[in-house]
Amino acid sequence: MFFEPEIETASRDRIEALQLKRLRETVRRVYEHVPMYRGRLDEAGIGPDGIRSLDDLRRIPFTVKEDLRQNYPFGMFATPMRDVVRIHASSGTTGKPTVVGYTKEDLSTWSTCMARLITATGVGPDDIAQVAFGYGLFTGAFGLHYALEKVGCAVVPISAGNTEKQLMLMQDFGVTVLISTPSYAQYIAETAQKMGLVPGRDLKLRVGLFGGEACSDAMRQDIERRMGMIATQNYGLSEVVGPGISGECECQSGLHFNEDHFIPEVIDPDTGRVLPVGEKGELVLTALTKQALPILRYRTKDLTRLIPEPCACGRTHMRMEKVLGRIDDMLIIRGVNVFPSQIEEVLASVEEVGPNYEIVVTREGYLDRMQIKVELNDSSLLERFSHLEELENRIRQRIRTVLGLDVSVRLVEHQSLKRFEGKAKRVTDLRKL
Ligand SMILES: [Zn+2]
């Protein structure tokens, strides 16, 4: 299913011609209206008409999160405030948040982009969609909400939390689509099980639209198995627009960009060099049609690779691999680079433990220590394994084989670790304190 078939299946030439035209318009607009960009473009020797081909994109300096902070709150807006109709902000854990704004036209473009991605998963007017993202300054809930309405779904804007009520409405309303973070979907699945609800019989869920955090294959399989639905991922970040940048089609083999609105690049995060298509690195995004907050070459800090090969669904827009992790989340343990998602994949391969885990990193003297707490799958295992050390050793050895790292593993009781209604926080790095 397509939302805008003509553009979603457009030829490469047509997409690139559109990108070039829109990039030139955007560069001109920021040069004229955003002092920070004017200064940067002057420094790089690029005037308002300096873009001749798409290759010229590489001459434009990167934009980083700190730029938005420095221009807090509205310093990077390219339109007068009277044209701005919505303001969102990302949760700054420290200091000021990063603020983003939208004109009426921006909101319409945004919901169209997301509507394409929703339609690509097979969701349509016959569906009832429950939005279990927190409504607020975060772009996730509103981004999905208006796009679902545009597609014709009946939207249930329940927001995050109150999980038993979520399940009651799912059952009573016959909800078919769940929108949440993947870790919250896991928590909902666990609660459903506790309440004795059987997917297929009591719940009509068929598609999950997940975002807001990385979702490993293990997590996806766990959700699909326990909820009896297809788990799809979509990708976005508020600084660039919110959700709607890329998403999976029914093939579930990579996330299609909306390339007529965003240009993706992948760079070496250390040198900033643009990598050949297909190599793994940091995703950089340029928004081509935003009015209130145009953004050029934004460093996302998310690691992925581009997939240029055509997709079986018929869409011609480039795909990206699901995000492997955020550069900020990467832990360096005694010189070894470790992503929490790698630990998660190992744990998923061990039958006796569940999907909930915590990683604690400490430093003793000059030595980094990583401890992994993971829940047993069910309480009866406590009795069956008279010597839990045997299972702990097995997990430890598997992690050593996969990551080349010695860690300590502690099994904890079923359902004893914290659950999350939004993005999961699985790592505590006490070295930084
Ligand atoms: Zn596809």
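Thresholds applied
Residues numbered from 1 in each chain as written. Predicted model: local features only at pLDDT ≥ 70, side-chain atom pairs only at ≥ 80, totals over all residues. Buried ≥ 20, exposed ≤ 12 C-beta atoms within 10 Å, placed from the backbone. Helix = DSSP H or I, 4+ residues; strand = E, 2+ residues; numbered from the N terminus. Pairing = 2+ DSSP bridges. Domains from an automatic or database assignment. Contact = placed C-beta atoms within 7 Å. Axes fitted to C-alpha atoms, helices over the stretch in contact; angles between N-to-C directions.

**Regarding the pairing of strand β12 (residues 298–304)**
Step number 1: The buried fraction of β12 is high, at six of seven residues.
Step number 2: Note that strand β11 (residues 281–287) and β12 share four bridges and pair antiparallel. Bridged to L285 within β12 is Y298.
Step number 3: Relative to strand β15 (residues 325–326), β12 runs antiparallel, the two being bridged by two bridges. Of the residues in β15, the one forming a bridge with D302 is R326.

**Observations regarding the domain arrangement of the protein chain**
The extent of an interface is frequently quoted as the accessible surface area lost upon association of the parts.
Step number 1: What the domain assignment reports for the protein chain is domain 1 (1–326) and domain 2 (330–432).
Step number 2: Here domain 1 and domain 2 have C-alpha centroids that lie 30 Å from each other.
Step number 3: Between domain 1 and domain 2, the contact holds 17 residues from the first and 13 residues from the second.
Step number 4: Sorting the residues of the side of domain 1 that touches domain 2 by element identifies α8 (182–194) and α9 (217–227) as the ones contributing at least two each.
Step number 5: Per-element tally for the side of domain 1 that touches domain 2: the top contributor is α8, with four residues.

**Structural notes on the sheet that holds β11**
Step number 1: The four strands are arranged β10-β11-β12-β15 in an open sheet whose pairing can be described as antiparallel. Looking along the sheet, the strands with just one partner apiece sit at the ends: β10 (262–267) and β15.
Step number 2: Note that β10 and β11 share six bridges and pair antiparallel. From the neighbouring strand, F262 faces β11, where its bridge partner is A287.

**Quick notes on the sheet that holds strand β20 (residues 408–412)**
Step number 1: Reading across from one edge, β20-β19-β18-β21 is the order of the four strands in this open sheet, with mixed pairing throughout. Every other strand in the sheet has two partners, leaving β20 and β21 (427–429) as the edge strands with one partner each. Within this sheet the neighbouring strands show an average axis-to-axis angle of 15 degrees, counted without direction.
Step number 2: Here strand β18 (residues 353–364) runs beside β21; their pairing, made up of three bridges, is parallel. By the bridge assignment for β21, V361 is matched with D429.

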